[in-house]
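Remarks on the overall topology
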Amino acid sequence: MHKRTKINIAIFVLLVGMACMFTAVVTDHWAVLSPSVVKLNDTCEAAHFGLWRICKKHIYISGENYQEGQGCGPISLPGEENCTYFSHFTPGQDSEIFEYKTQKEYNISAAAISIFALGFMLLGSLCLIGSCTGKDKGRLYLLKPAGMFFAFSGLCSFISLEVMRQSVKRMIESDDTIWFQYYYAWSFACACVGFVLLFLTGIALLILSMPQMPRNPWETCMDAEPEQVE
């Protein structure tokens, strides 16, 4: 396969990874939380949250849709939903709720690291744009930092995922919360896909931008003929 074709495939995969990571950052379905059901034929309050806000949903639980041992839900059942943004840096009611139910210090870290991931994505995208509009030497030169930026973005995505996972774990294990069950939802899955695609494809792009290996043992990388990208 021609080198330029490989680079084009890598860029396409990177676009998919960026779309997945951006979707994860701006949506609120990283984790779904359910309290235990006190009584049937009554409403209970489940919740789902992301990096920036928590959404609570009042769900009516009847005997028909309840199974023994399950919590309030599933979250897909109809009900009134109320979403509030986390007050990360200001005191108040939301800040107090957040402190006990979603481990404020963890979520602030996950949100901040995700911003770094988006920042590296932006820098990598600028390098890609420059590589597409520049000359031959400039294309290969800009692909190197682009690959590194996307790999760094993938690493930041992974750290954000792990911080969020630890946040949910601590929250469920705490005696100060009402949550009984939890599971990770589609926003978390998008972040996982984004991490894998950004990191692996960033490394692949960095390797593709490296000089051609010598064909003979007595050649050096500087002596080898430059490989054409076109």
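Residues numbered from 1 in each chain as written. Predicted model: local features only at pLDDT ≥ 70, side-chain atom pairs only at ≥ 80, totals over all residues. Heavy atoms only, no water.

1. Focus on the pairing of strand β1 (residues 31-35)
Counting buried positions along β1 yields five of five residues, so the element is predominantly enclosed. Every second residue of β1 is oriented toward a common face, with A31, L33 and P35 on one face and V32 and S34 on the other, all of them buried. In this structure, the hairpin formed by β1 and strand β2 (residues 42-49) is closed by a connection of six residues, where N41 is found at a positive phi of approximately 55°. Alignment of β1 against strand β5 (residues 179-184), held across five bridges, turns out to be antiparallel. Along β5, the bridge assignment pairs A31 with Y184. (Buried < 20%, exposed > 50% of the residue type's maximum accessible area, 1.4 Å probe, protein only. Helix = DSSP H or I, 4+ residues; strand = E, 2+ residues; numbered from the N terminus. Pairing = 2+ DSSP bridges.)

2. Describing the sheet that holds β2
Strand order in the open sheet formed by five strands is β4-β3-β2-β1-β5, and the pairing between neighbours is antiparallel. The open sheet terminates on both sides in strands that have one partner only, identified here as β4 (79-85) and β5. Neighbour-to-neighbour, the strand axes of the sheet open up by a mean angle of 20°, direction not taken into account. As judged from the three bridges shared by β1 and β2, these two strands associate in the antiparallel manner. (Axes fitted to C-alpha atoms, helices over the stretch in contact; angles between N-to-C directions.)

3. Considering the packing of helix α1 (residues 3-26) against helix α5 (residues 186-208)
In contact at an axis separation of 7 Å, α1 and α5 are set at 155° when each is read in the N-to-C sense. Classified by the angle their axes make, α1 and α5 are roughly antiparallel. The element α1 and its partner α5 pack so that their crossing is left-handed. Its residues assigned to classes, the contact of α1 with α5 comprises 17 nonpolar, six polar and two charged. (Parallel < 35°, antiparallel > 145°, perpendicular 65-115°, else oblique. Left-handed = near helix turned anticlockwise from the far one by under 90°. Nonpolar A, V, L, I, M, F, W, Y, C, P; charged D, E, K, R; others polar.)

4. Regarding the nonpolar core
A general trend in soluble globular proteins is that nonpolar side chains are found buried together. Membership of the largest hydrophobic core comes to 39 residues, with the highest contact counts inside it found for W30, F49, L51, L128, F150, L198 and L205. Listing elements by their share of this core, those giving two or more residues are α1, β1, β2, α3 (104-133), α4 (136-173) and α5. Counting 10 residues, the second largest nonpolar core, distinct from the first, contains A46, I59, I61 and C72. (Core = buried A, V, L, I, M, F, W, Y, C linked by side-chain atoms within 4.5 Å.)

5. Remarks on the state of the cysteines
Evaluation of the coordinates by the stated rule reveals one disulfide. Here C190 is not disulfide-linked; the sulfur of C20 is the nearest cysteine sulfur, at 5.3 Å. For C190, a relative accessible area of 19% puts it in the buried group. We note that C192 lacks a disulfide partner, and the nearest cysteine sulfur, in C190, lies 9.3 Å from it. C192 sits in the partly exposed class, given a relative accessible area of 29%. (Disulfide = S-S within 2.5 Å.)

6. Comments concerning the packing of aromatic side chains
All chains considered together, the criterion is met by seven aromatic pairs. Centroid distance W30 to F188: 6.0 Å. Interplanar angle 80°. Geometry classified as edge-to-face. Note that W30 is positioned in the loop between α1 and β1 and F188 in helix α5, a separation of 158 residues in sequence. In terms of burial, W30 and F188 fall into one category: buried. Look at F158 and F195: their rings are 5.2 Å apart centre to centre, the planes differ by 35°, and that puts the pair in the tilted class. Highlighted residues: F158 in helix α4 and F195 in helix α5, separated in sequence by 37 residues. On the basis of relative accessibility, which here comes to 42%, the residue F158 falls in the partly exposed class. (Phe/Tyr/Trp six-rings, centres within 6.5 Å; stacked < 30°, edge-to-face > 60°.)

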